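Here is what each chain is made of, one letter per residue.
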Amino acid sequence: MGAPYWDQYARGSIIGLTRGSKKAHIIRAAVESLAYQVLDLIKAMEKTSSIKLSELKVDGGASANDFLMQFQADILNAAVKRPKCIETTALGASYLAGLATGYYKSKEDIKKNWMLQREFKPEMEEKNREKIVSGWHKAVKRSLHWEEEV
């Protein structure tokens, strides 16, 4: 498992299944796990830097998923902002080329191009947030150190 746990002996697991669990539950859990992992990384960064996250700007393919972005806002208890252009790798390369050729005069010129497509605001009650995040951490703890060190 990668950051912030750094445990090469952890193994993936699906925890909490019941006889009523269906394929949709597993798919939803996989999507939610992305948000939980981001939460864990941000909390580690906040602890190290002593800076509290006020909002999260997102990009990439997963950011197109409205359910995931709302869930991310809910468990972070912070706004999640998605730009109009979510494919920022190619966009960033073109901005660098524009800077190099003088098309853009400064980084500030480029920053002016960022446009909000949608903002997701937290809607989850604190008690529910604490409960589900606690369940996530319980599941993570059970997957750590699964294999023995050789």
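Residues numbered from 1 in each chain as written. Predicted model: local features only at pLDDT ≥ 70, side-chain atom pairs only at ≥ 80, totals over all residues. Heavy atoms only, no water.

**Quick word on the overall build of the protein chain**
- On a plain count of helices and strands, the protein chain comes out with five helices and three strands.
- Its helices and strands in sequence order give the protein chain the pattern α-β-α-β-α-α-β-α, from N to C terminus.
- At 19 Å, the protein chain has a C-alpha radius of gyration far larger than the 15 Å of a compact globule built from 150 residues.
- Buried positions account for 29% of the 150 residues belonging to the protein chain.
- Looking at the protein chain alone, contacts between residues at least 24 apart form 73% of all its contacts between residues at least 6 apart.
- Here the protein chain has roughly 10700 Å² of accessible surface; of this, 57% comes from carbon and sulfur atoms.
- When the 24 basic and 19 acidic side-chain charges of the protein chain are each reduced to a single mean position, those positions are 3 Å apart. (Helix = DSSP H or I, 4+ residues; strand = E, 2+ residues; numbered from the N terminus. Rg over C-alpha atoms; globule rule 2.2 N^0.38 Å. Buried < 20%, exposed > 50% of the residue type's maximum accessible area, 1.4 Å probe, protein only. Contact = heavy atoms within 4.5 Å. Areas by Shrake-Rupley, 256 points an atom, 1.4 Å probe, with all protein chains shown as cover. Lys, Arg positive; Asp, Glu negative; His and termini not counted. Charge placed at Lys NZ, Arg CZ, Asp CG, Glu CD.)

**Observations regarding the pattern of salt bridges**
- Taken as a whole and assessed by the stated rule, the structure comprises eight salt bridges.
- With a closest N to O distance of 3.0 Å, arginine 118 and aspartate 66 form a salt bridge. In this pair, arginine 118 sits in strand E3 (residues 116–120) while aspartate 66 sits in helix H2 (residues 66–76), placing the two residues 52 residues apart along the sequence.
- Classification of arginine 118 by relative accessible area gives partly exposed; the value is 35%. (Salt bridge = Lys/Arg side-chain N within 4 Å of Asp/Glu carboxyl O.)

**Here we look at the nonpolar core**
- By size, the foremost hydrophobic cluster in this structure holds 22 residues, and its most contacted members are Tyr36, Leu56, Met69, Phe71, Ile75, Leu76 and Val80.
- At the level of elements, helix H1 (23–49), H2 and helix H5 (126–143) are the ones that each hand at least two residues to this core.
- At six residues, the largest contribution of residues to this core is made by H2.
- In this structure isoleucine 75 touches Ala35, Tyr36, Leu39, Arg129, Ile132 and Val133, once residues within four positions along its chain are discounted. (Core = buried A, V, L, I, M, F, W, Y, C linked by side-chain atoms within 4.5 Å.)

**Concerning the UniProt feature "domain: Carbohydrate kinase FGGY C-terminal" (unreviewed entry) in the protein chain**
- Sites flagged by UniProt as "domain: Carbohydrate kinase FGGY C-terminal" (unreviewed entry) map to residues 2–100.
- Taken as a whole, residues 2–100 contains 52% helix and 8% strand, while its terminal C-alpha atoms sit 35 Å from one another. (UniProt positions renumbered as here; feature names shortened; annotations may be inferred.)

**A word on the packing of aromatic side chains**
- Applying the stated rule across the entire model yields five aromatic pairs.
- Ring centres of tyrosine 36 and phenylalanine 71 lie 5.3 Å apart, and the angle between their planes is 85 degrees; on these two criteria the pair is classed as edge-to-face. You can see tyrosine 36 sitting in helix H1 and its partner phenylalanine 71 sitting in helix H2, a full 35 residues away along the chain.
- Classification of phenylalanine 71 by relative accessible area gives buried; the value is 6%. (Phe/Tyr/Trp six-rings, centres within 6.5 Å; stacked < 30°, edge-to-face > 60°.)

**Section: the environment of lysine 81**
- Among the structural elements, lysine 81 can be located in strand E2 (residues 79–83).
- When the C-alpha positions of lysine 81 and lysine 121 are compared, they lie 8.8 Å apart, and in sequence the two are 40 residues distant.
- Not counting residues up to four positions away in its chain, the partners in contact with lysine 81 are Glu55, Leu56, Lys57, Val58, Trp114, Leu116, Arg118 and Glu119.
- Only 2.9 Å separates the side chain of lysine 81 from the side chain of glutamate 55, close enough to count as a polar contact. (Polar contact = N/O pair within 3.5 Å; in protein donor to acceptor, adjacent residues only side chain to side chain.)

**Considering a nonpolar patch on the surface**
- A contiguous nonpolar patch, built from Ile14, Leu17 and Ile26 and spanning about 280 Å² of accessible area, is present on the exposed surface.
- Following the sequence through the fold, isoleucine 14 ends up in the segment before H1. (Patch = residues over 30% accessible without salt bridge, like charges linked within 9 Å, V, L, I, M, F, W, Y side chains within 5 Å.)

**As for the sheet that holds E2**
- In space, the three strands of this open sheet follow the order E1-E2-E3, with mixed pairing throughout. If you trace the sheet from one side to the other, it starts and ends with strand E1 (55–57) and E3, each paired once. Strand-to-strand, the axes of this sheet are offset by a mean angle of 20 degrees, without reference to chain direction.
- Bridge count for E2 against E3 is four bridges, and the pairing is antiparallel. (Pairing = 2+ DSSP bridges. Axes fitted to C-alpha atoms, helices over the stretch in contact; angles between N-to-C directions.)

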